[in-house]
Amino acid sequence: MSEAVETLPLERAPARIDATPLLRIVVPVVLLMGWWAETALHPGGLIPAPSEVGVALWDLAFGGINDDAFSQMLLPDLIASASRVYGAFVLAAAVALPLGMLIGRLRLVREMLEPTLQVLRPVPVTAWLPLSMIMFGIGPKSAFFLVALGSFFPILLNTIFAVRSVEPRLFEAAQMLGVSPARLFPKVVLPASLPGMFTGLRLGLGLAWVVIVVGEMTGVQTGLGAMIMDARQLSRTEIVIAGMAVIGVAGFLSDYAVLMLGRKLLAWSPQHG
Amino acid sequence: MIPPVLSAINAGKIYPGGIEALRNANLTIAPGEFVCLIGASGCGKSTLLRMIAGFETVTSGQIIVRGKEVTGPGPDRGMVFQDYGLFPWLTIRKNIAFGPIARGKSKAEAMATADRFVSMMGLDRFADSYPHQLSGGMKQRVAIGRVLANDARMALMDEPFGALDAMTRERLQEELLTIWRATGLSVVFVTHSLEEAIYLADRVVVMSPGPGRIVAEERITLERPRDVSSPQFNDIRRHLAALLHADHAREAA
Ligand SMILES: Nc1ncnc2c1ncn2[C@@H]1O[C@H](COP(=O)(O)OP(=O)(O)OP(=O)(O)O)[C@@H](O)[C@H]1O
Ligand SMILES: [Mg+2]
């Protein structure tokens, strides 16, 4: 067989010296240096130096420096936030995935629900905050609701789009091979729309990390959002920034894990594999 | 006389928009026969093929496959599409096993069948690759293999080699003929290439547009393998080209 196969994993080009790791750290280093220079030029300003934030981060994680209300609170707060993020995300996915499939494939359901959803979609999650506090009380339930709401729409919309844009040719192929119309859904629609649903889940989880902080800023005792809010009230800006950094890293790692999972499960898809 | 595997009787198609894609098509195909449909763009070749496959309904007349009127797609009529239509989420082996599994064979049996056709189509090296990792020619081998693995009695092929380069195309024509001889499959093959039609077919059916209809049939009795540069081959080509062009001339007039 002389025909070329472009991307068999066995036939990768030999390793070259790779400059990308260097490329990736240029911007963070420049930002960090700018920040440091700024604080060095204006000592005693409102913005703490990177070193102060580093110390605050250490104390948040391990204690032994300040021994105040924030010491050693990193892990409990991170766990509180992460459990809300994943709990609400799972709930949102459990509703949005089946609902999206129904809306995508059944005209009746689509006609019934789509207008409502299109009107609800542009309402930002933050605008729901007052209402959610009335409905769920001040506390973690309200935060949970906001997170679920925030990740619901990207999952739903991507699922609808994915199940609607299955190539018609694949239905024909399946039918001429003996798949009955009733079996087309599990045999064709479901596998064909997995990459689209996966994109929705990834976006939804990313948004959950954004929303959690907003959700925890009002009347919640635990979590990274609450920690940042408390620190703000005490003018502990170094803790605010440390909290921001933790959220950024946690969200990034969470996304990375999902991405790797997608690579494994969707190896067949040129976009994911 | 052996009953035909397929007969189209005054088959016609008017699409919902009102376009008459096919009028009064009459065509019978004997078991094991290789028939090519040729004609200008828009003359209803795909429409006829898709009606035989059961993807399009017949709006007048009938299409009968082995004694039964066609009411929908079925595994006895395997289709090979120009754009392959492989399942991107399945490996090559599983793409070929898809049909047997859909028809209720056990996983083990389906996989054994698939392995047989993977080898037959020269795809061993790619058995565990995904379709996007294959060249066009390889993909079309898979598409043919899955139809064969599904015990189709008839292969419906809509410009299957139209998107391939000349070398690959010639090789696949050769392989298709070998398989056809070995299996006794009936083949309806749509092409735009007169040469391809004469090279492959027992019978070439000439169609013409506006509305689409069958205007001529030519039995090709040249011994296989056929020599495309032989005088006899050229005579047939000239004759069929005249039929096709007569039609264009009428159109232009
Ligand atoms: N789904 C459809 N709905 C409406 N009109 C259609 C449809 N499919 C085909 N047609 C029309 O029917 C006529 C015949 O089309 P068909 O695809 O059968 O031609 P063809 O001979 O296969 O052409 P080509 O060589 O370009 O593939 C054309 O005028 C085409 O526009
Ligand atoms: Mg066509």
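All figures in this text were calculated on a predicted structure; none of them were measured in a lab. (Residues numbered from 1 in each chain as written. Chains lettered and ligands numbered in written order. Predicted model: local features only at pLDDT ≥ 70, side-chain atom pairs only at ≥ 80, totals over all residues. Heavy atoms only, no water.)

So, about the domain arrangement of chain B. Residue and element names in this part refer to chain B. Each assigned domain of chain B is listed here: domain 1 (6-76 + 153-252) and domain 2 (87-152). In this structure, domain 1 and domain 2 have C-alpha centres spaced 26 Å apart. Counting residues at the interface gives 14 residues for domain 1 and 12 residues for domain 2. Joining domain 1 to domain 2, the criterion identifies 1 salt bridge. A salt bridge links arginine 141 to glutamate 175; its shortest N-O distance comes to 2.7 Å. Linking domain 1 with domain 2 are 3 residue pairs in polar contact (both at pLDDT 80 or more). For the side of domain 1 that touches domain 2, the secondary structure elements donating two or more residues are strand S7 (154-158) and helix H5 (166-183). If one sorts the elements of the side of domain 1 that touches domain 2 by residue count, H5 sits on top with 5 residues. Each residue belonging to the side of domain 1 that touches domain 2 can be placed in one class, and the counts come to 9 nonpolar, 1 polar and 4 charged. (Domains from an automatic or database assignment. Contact = heavy atoms within 4.5 Å. Salt bridge = Lys/Arg side-chain N within 4 Å of Asp/Glu carboxyl O. Polar contact = N/O pair within 3.5 Å; in protein donor to acceptor, adjacent residues only side chain to side chain. Helix = DSSP H or I, 4+ residues; strand = E, 2+ residues; numbered from the N terminus. Nonpolar A, V, L, I, M, F, W, Y, C, P; charged D, E, K, R; others polar.)

Attention now moves to the pairing of strand S2 (residues 20-29) of chain B. Residue and element names in this part refer to chain B. With 6 bridges connecting them, strand S1 (residues 6-14) and S2 associate as antiparallel partners. If you follow leucine 6 over to S2, its bridge partner there is isoleucine 29. Remark: 5 residues form the turn of the hairpin made by S1 and S2, two consecutive strands paired antiparallel; glycine 18 in that turn has positive phi of roughly 105 degrees. (Pairing = 2+ DSSP bridges.)

Take the side chain of B:Ser193 next. Residue and element names in this part refer to chain B. Here serine 193 lies in the loop between strand S8 (186-190) and helix H6 (194-200). You can call serine 193 buried: its relative accessible area is 19%. At 2.9 Å, the side chain of serine 193 forms a polar contact with the backbone nitrogen of glutamate 196. Contacts of serine 193, omitting those with residues within four sequence positions, involve Ile38 and Arg169. (Buried < 20%, exposed > 50% of the residue type's maximum accessible area, 1.4 Å probe, protein only.)

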